[in-house]
Amino acid sequence: MATRSLNILGVRTSVYASGHRAGVELSVPIGALRRGGNVDVQPAPPSVPLTGSKLAEQVAGINWYHTIDLGNGVVTPGYYDHTPILPHYALPERLDGLRVLDIACFDGYWSFEFERRGAAEVVALDVQRAAEIDLPWRTRAAMSEEELNRPFGAGFALAHATLGSRVRHVHCNVYDLTPDKFGMFDLVHCGDLLLHLRDPVGALMRIRSVVRGSAIFSDVIYPDLDRHDGLPIVQYNSGGGENIWWRLGSIALGRMIHDAGFDTVHEEARFRYGPRGYPPVMWHAVFRATP
Ligand SMILES: C[S@@+](CC[C@H](N)C(=O)[O-])C[C@H]1O[C@@H](n2cnc3c(N)ncnc32)[C@H](O)[C@@H]1O
């Protein structure tokens, strides 16, 4: 077993990895989890929106996951740029009058997009520290208290203040989501979360409980697992250091959404993409579902 350093949702840590799992295949998902964890002191949300060099300085101090246009020529250098893939999501041009929930919002790209499209209310949900995510036992054991408890959300806070956003950021684990907490939603978006969860179907059931309109799910898929010969359509990824628990075929993802109580489940789009500046090697599927 070799020791290597990883970013688990942005917390740089050393974990043990067997040689065969340290290959190229997993390097993309590892990157997919990068968070502002390289920043030792995260900036507090500014009380007044920043501009000019002050804003540039704060933006540069954050390890962004999302590429967000903050206006006046400032664009966050996100690990992913979702704007080129936005058309795949077939979002309505306007969301006027709708209550929208963005689950696992990270720096807020999707939340701010829903707000831009006129949603009456956007609730952006995420956990606040690595200790709250589904870490494999050994990964958690190898992390210090400081690493486990370092606050998330600096990117969201800065973008929120700069954009003058009214999105409501809430702290909640997807497993704890109930209608009592935040009410029901016309549109729920959950992007690239399920593969990071030990219990994706349990999480989907919680999500189902707050949808009164429709839900959009996107996740990494492995089309080689889309088979009809009775052989497995899901692979256990062994948790590993990267907390990518599952490799799902599109068929499996659709069935999971259905088993969680959604009656209509439709694969909206399938496309390849990758981190900014890298070849688009990862397959991605977008599902729309209604209860
Ligand atoms: C790969 S990022 C996806 C970001 C965004 N949803 C998107 O599609 O661009 C994973 C996000 O899931 C969040 N997350 C991980 N475990 C979670 C949990 N149990 N409950 C809620 N959010 C969680 C992380 O904090 C992070 O913001």
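In this text the structure is predicted, and so the values were computed from the model without any measurement.

Calculation criteria
Once a new chain begins, its residue numbering starts again from 1 and follows that chain's sequence as written. Local features in a predicted model are, by the rule used here, given only for residues with pLDDT of at least 70; side-chain atom pairs are given and counted only at 80 or more, and totals for whole chains, interfaces and linings are based on all residues. Elements are defined by DSSP. Helices are runs of H or I of four residues or more, strands are runs of E of two residues or more, and each kind is numbered from the N terminus. This entry defines residue contacts through backbone-placed C-beta atoms, with two residues in contact when those atoms are within 7 Å. Each residue is classed by its C-beta neighbour count within 10 Å, where at least 20 other C-beta atoms makes it buried, 12 or fewer makes it exposed, and intermediate counts make it partly exposed; the C-beta atoms are placed from backbone geometry. Axis lines are fitted through C-alpha atoms, for helices just across the contact stretch, and the angle between N-to-C directions can take any value from 0 to 180 degrees. Roughly parallel refers to an angle under 35 degrees, roughly antiparallel to one over 145, roughly perpendicular to one between 65 and 115, and oblique to any angle outside these ranges. Left-handed is the label given to a crossing in which the near helix is rotated counterclockwise from the far helix by less than a right angle, and right-handed is the label when the rotation is clockwise. Three residue categories are used. Nonpolar comprises Ala, Val, Leu, Ile, Met, Phe, Trp, Tyr, Cys and Pro, charged comprises Asp, Glu, Lys and Arg, and polar comprises the others, including Gly. Only strands that DSSP links by at least two bridges are regarded as paired with each other. Near residues are defined by distance alone, with the backbone-placed C-beta atom required to lie within 6 Å of the molecule or strand. A set of buried residues drawn from Ala, Val, Leu, Ile, Met, Phe, Trp, Tyr and Cys, joined through C-beta atoms within 7 Å, is what defines a nonpolar core. Taking the helix axis as origin, the arc is that swept by the directions to the C-beta atoms. Here is how to tell: hold the view so the strands point away, follow the path from the first strand over the helix to the second, and if it runs clockwise the crossover is right-handed.

## A word on the overall build of the chain
At step 1: The helix and strand tally for the chain stands at nine helices and 13 strands.
At step 2: Partitioning the intrachain contacts of the chain with sequence separation of at least 6 by distance along the chain shows that 67% fall at a separation of at least 24.

## Details of unusual backbone geometry
At step 1: Despite not being glycine, alanine 90 shows a phi value in the positive range, around 45 degrees.
At step 2: Mapped onto the fold, alanine 90 is located in the loop between strand 4 (74-75) and strand 5 (99-103).
At step 3: Looking at alanine 90, the number of C-beta atoms within 10 Å reads 11, which means it is exposed.
At step 4: Phi at phenylalanine 106 is positive, roughly 50 degrees, even though this residue is not glycine.
At step 5: Within the secondary structure, phenylalanine 106 sits in the loop between strand 5 and helix 3 (109-116).
At step 6: Owing to 28 C-beta atoms within 10 Å, phenylalanine 106 belongs among the buried residues under this scheme.

## A look at the packing of helix 8 (residues 200-208) against helix 9 (residues 250-259)
At step 1: Interhelical geometry of helix 8 versus helix 9 gives an angle of 50 degrees and a closest axis separation of 8 Å. As the angle between them shows, helix 8 and helix 9 are arranged oblique. In the crossing of helix 8 with helix 9, the sense of the turn from one axis to the other is right-handed. Only Met256, Ile257 and Asp259 of helix 9 make contact with helix 8, whose side of the interface consists of Pro200, Val201 and Leu204.
At step 2: Here the residues of the contact of helix 8 with helix 9 are counted per class, giving five nonpolar, no polar and one charged.

## Looking at the sheet that holds strand 5
At step 1: Spatially, seven strands are ordered 7-6-5-8-9-13-12 in an open sheet, and the strand pairing comes out mixed. The open sheet terminates on both sides in strands that have one partner only, identified here as strand 7 (168-171) and strand 12 (264-273). Pairs of neighbouring strands in the sheet enclose a mean axial angle of 20 degrees, with direction left out of account.
At step 2: Where strand 6 (residues 121-126) and strand 7 come together, four bridges link them in parallel fashion. Opposite valine 123, over in strand 7, you have arginine 168 as the bridge partner.
At step 3: Each of strand 5, strand 8 (185-191) and strand 9 (211-221) touches helix 8; the most contacted strand, strand 9, lies at about 155 degrees to it.

## A short note on the site of the ligand
At step 1: Within the structure, the ligand sits among 16 residues, and Ala104, Phe106, Val174, Gly191 and Asp192 are positioned closest to it.
At step 2: A breakdown of the residues in the shell around the ligand according to their chemical character gives eleven nonpolar, three polar and two charged.

## Quick look at the nonpolar core
At step 1: Of all hydrophobic cores here, the largest spans 62 residues; its most connected members are Ile103, Val188, Ile207 and Ile257.
At step 2: Residues contacting valine 188, with those up to four places away along its chain left out, are Leu101, Ile103, Ile207, Val210, Val211 and Ala215.

## Details of helix 8
At step 1: If you check which residues of helix 8 are buried, you get Pro200, Ala203, Leu204 and Ile207. The buried residues of helix 8 occupy an angular sector of 100 degrees when the element is viewed end-on, so they sit on one face.
At step 2: Those residues of helix 8 that are buried lie in contact with strand 5, strand 8, strand 9, strand 11 (246-248) and helix 9.

## Focus on the pairing of strand 9
At step 1: Pairing of strand 8 with strand 9 involves six bridges; the strand directions are parallel. Across the sheet, the residue bridging to histidine 189 is isoleucine 216, located in strand 9.
At step 2: Taking the sense of rotation as the criterion, the β-α-β connection linking strand 8, helix 8 and strand 9 turns out right-handed.
At step 3: Bridge count between strand 9 and strand 13 (residues 282-290): seven bridges; the pairing is antiparallel. Paired with isoleucine 221 across the two strands is tryptophan 283, which belongs to strand 13.

## Structural notes on helix 6 (residues 154-163)
At step 1: Of all ten residues in helix 6, eight are buried, a share of seventy percent or more.
At step 2: Those residues of helix 6 lying buried are Ala154, Gly155, Phe156, Ala157, Leu158, Ala159, His160 and Thr162.
At step 3: Looking at the packing, one finds that the buried side of helix 6 touches helix 2 (52-60), strand 3 (69-71), helix 3 and strand 7.
At step 4: Two residues or fewer after helix 6 comes glycine 164, characterised by a positive phi angle close to 65 degrees.

## Quick notes on the pairing of strand 5
At step 1: Burial of strand 5 is extensive: five of the five residues sit out of reach of the surface.
At step 2: Here strand 5 shows no split at all, with Arg99, Leu101 and Ile103 on one side and Val100 and Asp102 on the other all buried.
At step 3: Across five bridges, the pairing between strand 5 and strand 6 is parallel. Looking at strand 6, one finds that isoleucine 103 is bridged to leucine 125.
At step 4: The parallel pair strand 5 and strand 6, bridged by helix 3, forms a crossover whose chirality is right-handed.
At step 5: Sheet topology places strand 5 next to strand 8; four bridges connect them, and they run parallel. Each bridged residue has a counterpart across the sheet, and for valine 100 the counterpart in strand 8 is leucine 187.

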